[in-house]
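Letter by letter, the chains look like this.
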Amino acid sequence: KMLFDAHKLFQHLPRVTEVTHADGKHEKFVVVGDLHGQLPDLLYIIEKQGLPGPGRTMYLFNGDFVDRGTHGVEVVTLLIAFKLAFP
């Protein structure tokens, strides 16, 4: 169900999105580089920077989520779950 819901959400999003942090809805804006399937790295970043969501941290993930690491499925599942919870 999560994958179907994500597909519905993503198919209606533009390929390029302008992101602003000046709206005052988030505490901070964090840009995350390539994760390469490294779940421990993702969990460390979330632990140090905070959970995503309104009034909390806004994240921008730069791609290469799952291409090399041993926990690619877990990384992409967590990122999709965050996107569904906080579109």
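The preceding data block contains the structure.
Now for a quick tour of the structure. (Residues numbered from 1 in each chain as written. Predicted model: local features only at pLDDT ≥ 70, side-chain atom pairs only at ≥ 80, totals over all residues. Heavy atoms only, no water.)

On a plain count of helices and strands, the protein chain comes out with 3 helices and 2 strands. Counting from the amino terminus, helix and strand elements in the protein chain follow one another as α-β-α-β-α. Whereas a compact globule of 87 residues would reach a radius of gyration of roughly 12 Å, the protein chain reaches 13 Å, a difference of no more than 12%. Taken over the C-alpha atoms alone, the protein chain extends approximately 35 × 30 × 20 Å along its principal axes. By residue count, 25% of the 87 residues in the protein chain fall in the buried class. Considering only contacts within the protein chain whose residues lie at least 6 apart along the sequence, 77% involve residues at least 24 apart. Split by element, the accessible area of the protein chain, about 6200 Å² in all, is 60% carbon and sulfur. Across the protein chain, the mean location of the 9 positive side-chain charges is 7 Å away from that of the 10 negative side-chain charges. (Helix = DSSP H or I, 4+ residues; strand = E, 2+ residues; numbered from the N terminus. Rg over C-alpha atoms; globule rule 2.2 N^0.38 Å. Buried < 20%, exposed > 50% of the residue type's maximum accessible area, 1.4 Å probe, protein only. Contact = heavy atoms within 4.5 Å. Areas by Shrake-Rupley, 256 points an atom, 1.4 Å probe, with all protein chains shown as cover. Lys, Arg positive; Asp, Glu negative; His and termini not counted. Charge placed at Lys NZ, Arg CZ, Asp CG, Glu CD.)

When strand S1 (residues 28–32) meets strand S2 (residues 57–61), the two strands line up parallel, connected through 5 bridges. If you follow Phe29 over to S2, its bridge partner there is Met58. (Pairing = 2+ DSSP bridges.)

This part covers a nonpolar patch on the surface. Together, Val19, Phe29, Val31 and Leu60 make up a nonpolar patch on the protein surface, roughly 290 Å² of accessible area in all. Examined against the element boundaries, Val19 turns out to sit in the loop between helix H1 (2–11) and S1. (Patch = residues over 30% accessible without salt bridge, like charges linked within 9 Å, V, L, I, M, F, W, Y side chains within 5 Å. Salt bridge = Lys/Arg side-chain N within 4 Å of Asp/Glu carboxyl O.)

Where helix H2 (residues 39–49) contacts helix H3 (residues 72–85), the two axes come as close as 9 Å, and the packing angle between them is 35°. Between H2 and H3 lies a crossing whose hand is left-handed. Only Glu74, Val75, Leu78, Leu79 and Phe82 of H3 make contact with H2, whose side of the interface consists of Leu39, Leu42, Leu43 and Ile46. Tallied by class, the residues present in the contact of H2 with H3 amount to 8 nonpolar, no polar and 1 charged. (Axes fitted to C-alpha atoms, helices over the stretch in contact; angles between N-to-C directions. Left-handed = near helix turned anticlockwise from the far one by under 90°. Nonpolar A, V, L, I, M, F, W, Y, C, P; charged D, E, K, R; others polar.)

On to unusual backbone geometry. If you check the backbone angles, His36 has positive phi at about 50° while not being a glycine. At Asp64, a position not held by glycine, the phi torsion is positive, near 50°. Looking at the secondary structure, you find Asp64 in the loop between S2 and H3. Of the residues examined, Asp64 reaches a relative accessible area of 39% and is grouped as partly exposed.

Mapped onto the fold, Thr57 is located in strand S2. Contact partners of Thr57, with chain neighbours within four places excluded, come to His26, Lys28, Val30, Gln49, Gly50, Leu51 and Pro52.

By themselves, these figures tell us nothing about what the structure is for.
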